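Structural overview
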Amino acid sequence: MRCPFCHNPDSRVVDSREIDDGASTRRRRSCPSCGRRFTTVEEAVLAVVKRSGVTEPFNRSKVVAGVRRACQGRPVDEDQLAKLAATVEDAIRATGSAEVPANEVGLAILGPLRELDEVAYLRFASVYRSFSSVADFEREIAELRAGRSRAPVAHVAAQDGAPAAAPGPEHPPSHHDTSTPTGSAAGRTVGTTG
Ligand SMILES: [Zn+2]
């Protein structure tokens, strides 16, 4: 690696450590010519191909930015957004291809976002899948409910005492504490945001 200060064509690695759970390697380098030190970060290239054909490096913060918009006003914190973006990156890297179409990034976001917050999921899906009518929302909500009724029995057991908690930490108590766990929560909230 060329020295960025004196442009000496060679440099020496003095320290090397994995960052980002091993997704990249940070190296501290020293220039034998001018003696200055600099840092490089090495990671496997993952390119996103946009619809225009332009490729750009996969960028977790872009995923976070897109999802954050859908999560406005929802009980989702930055930690959860960062985790979601990491999950998305893992899923995409697991496909083994060095280039992925941008719409696959969107697809990879849908699943984890549905787990995180159903309202944010509906917002994101409505833009991403270009919902054009209320019927599109109805179909998506029907699928959400169908998915929930297949949820593990462990959640059902929580019903009798406390209101059944949605997966995920610390949802603020809802105003209506009717104890129907699969009730109209998603539909009601969508109505008030539209
Ligand atoms: Zn140098």
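Notes on the structure in this doc start here. Please read these numbers as outputs of a predicted model, since none were measured by experiment.

Basis of the calculations
- Residues numbered from 1 in each chain as written.
- Predicted model: local features only at pLDDT ≥ 70, side-chain atom pairs only at ≥ 80, totals over all residues.
- Heavy atoms only, no water.
- Helix = DSSP H or I, 4+ residues; strand = E, 2+ residues; numbered from the N terminus.
- Buried < 20%, exposed > 50% of the residue type's maximum accessible area, 1.4 Å probe, protein only.
- Contact = heavy atoms within 4.5 Å.
- Areas by Shrake-Rupley, 256 points an atom, 1.4 Å probe, with all protein chains shown as cover.
- Salt bridge = Lys/Arg side-chain N within 4 Å of Asp/Glu carboxyl O.
- Donors = N, O, S within 2.8 Å, 3.2 Å for Na, K, Ca; no water.
- Tetrahedral: all angles 85-135°; square planar, octahedral: opposite > 155°, others 65-115°.
- Pairing = 2+ DSSP bridges.
- Axes fitted to C-alpha atoms, helices over the stretch in contact; angles between N-to-C directions.
- Phe/Tyr/Trp six-rings, centres within 6.5 Å; stacked < 30°, edge-to-face > 60°.
- Lys NZ or Arg CZ within 6 Å of the ring centre and 35° of its normal.

Each helix and strand counted, the chain has seven helices and six strands in total. The order of α-helices and β-strands along the chain, N terminus first, is β-β-β-β-β-α-α-β-α-α-α-α-α. When each of the 194 residues of the chain is scored for burial, the buried share is 27%. Long-range contacts, defined as pairs at least 24 residues apart, comprise 44% of the intrachain contacts of the chain with a sequence gap of at least 6. Accessible surface, the chain as shown: approximately 12600 Å² in total, 52% of it carbon and sulfur.

Before going further, it helps to examine the pattern of salt bridges. In total, this model carries ten salt bridges according to the counting rule given. Linking glutamate 89 and arginine 93 is a salt bridge whose minimum nitrogen-to-oxygen distance equals 2.9 Å. Of the two residues, glutamate 89 and arginine 93 both sit in helix 2 (residues 78-94), four residues apart, roughly one turn of that helix. On the basis of relative accessibility, which here comes to 6%, the residue glutamate 89 falls in the buried class. Residue arginine 93 is classed as partly exposed on the basis of its relative accessible area, which comes to 28%. In this structure, the salt-bridge partner of aspartate 136 is arginine 139, at a minimum N-O distance of 3.4 Å. In this pair, aspartate 136 and arginine 139 are both assigned in helix 5 (residues 134-149), three residues apart and thus about one turn of the helix distant. The class for arginine 139 is partly exposed, based on a relative accessible area of 47%. Overlapping salt bridges bring together Lys50, Glu56 and Lys62 as one network.

A word on the coordination of the zinc ion. Taken together, the protein donors to the zinc ion comprise Cys3 (SG), Cys6 (SG), Cys31 (SG) and Cys34 (SG), at separations of 2.3 to 2.4 Å. Its four donor atoms give the zinc ion angles of 105 to 117° at the centre, a pattern that matches the tetrahedral case. On the primary sequence, the residues serving as donors to the zinc ion are separated as C-x2-C-x24-C-x2-C. Cysteine 3 gets classed as buried once you look at its relative accessible area, which sits at 0%. With relative accessibility at 32%, the residue cysteine 6 sits in the partly exposed group.

In a beta sheet, neighbouring strands are held together by backbone hydrogen bonds and run either parallel or antiparallel to one another. The three strands lie next to each other as 5-4-6, forming an open sheet whose pairing is mixed. Two strands bound the open sheet, and with one partner strand each, they are strand 5 (55-57) and strand 6 (99-101). Within this sheet the neighbouring strands show an average axis-to-axis angle of 30°, counted without direction.

This brings us to unusual backbone geometry. For residues besides glycine, phi is generally negative; the peptide bonds are generally trans as well. In this structure, histidine 7 is a non-glycine residue whose phi angle is positive, near 65°. Secondary-structure assignment places histidine 7 in the segment before strand 1 (12-19).

Within this structure, the stated rule accounts for three aromatic pairs. When the centroid spacing of 6.4 Å and the interplanar angle of 70° are considered together, the rings of phenylalanine 5 and phenylalanine 38 count as edge-to-face. Of the two residues, phenylalanine 5 sits in the segment before strand 1 while phenylalanine 38 sits in strand 3 (residues 37-43), which places them 33 residues apart along the sequence. Take phenylalanine 5: its relative accessible area is 39%, and that puts it in the partly exposed class. On the basis of relative accessibility, which here comes to 8%, the residue phenylalanine 38 falls in the buried class. With a centroid separation of 5.0 Å and an interplanar angle of 90°, the aromatic rings of phenylalanine 131 and phenylalanine 137 are classed as edge-to-face. Overall, the relative accessible area of 14% leaves phenylalanine 131 in the buried class. Judged by its relative accessible area of 24%, phenylalanine 137 falls in the partly exposed class. Above the ring of tyrosine 121, the side-chain terminus of arginine 114 is found at 5.4 Å from the ring centroid.

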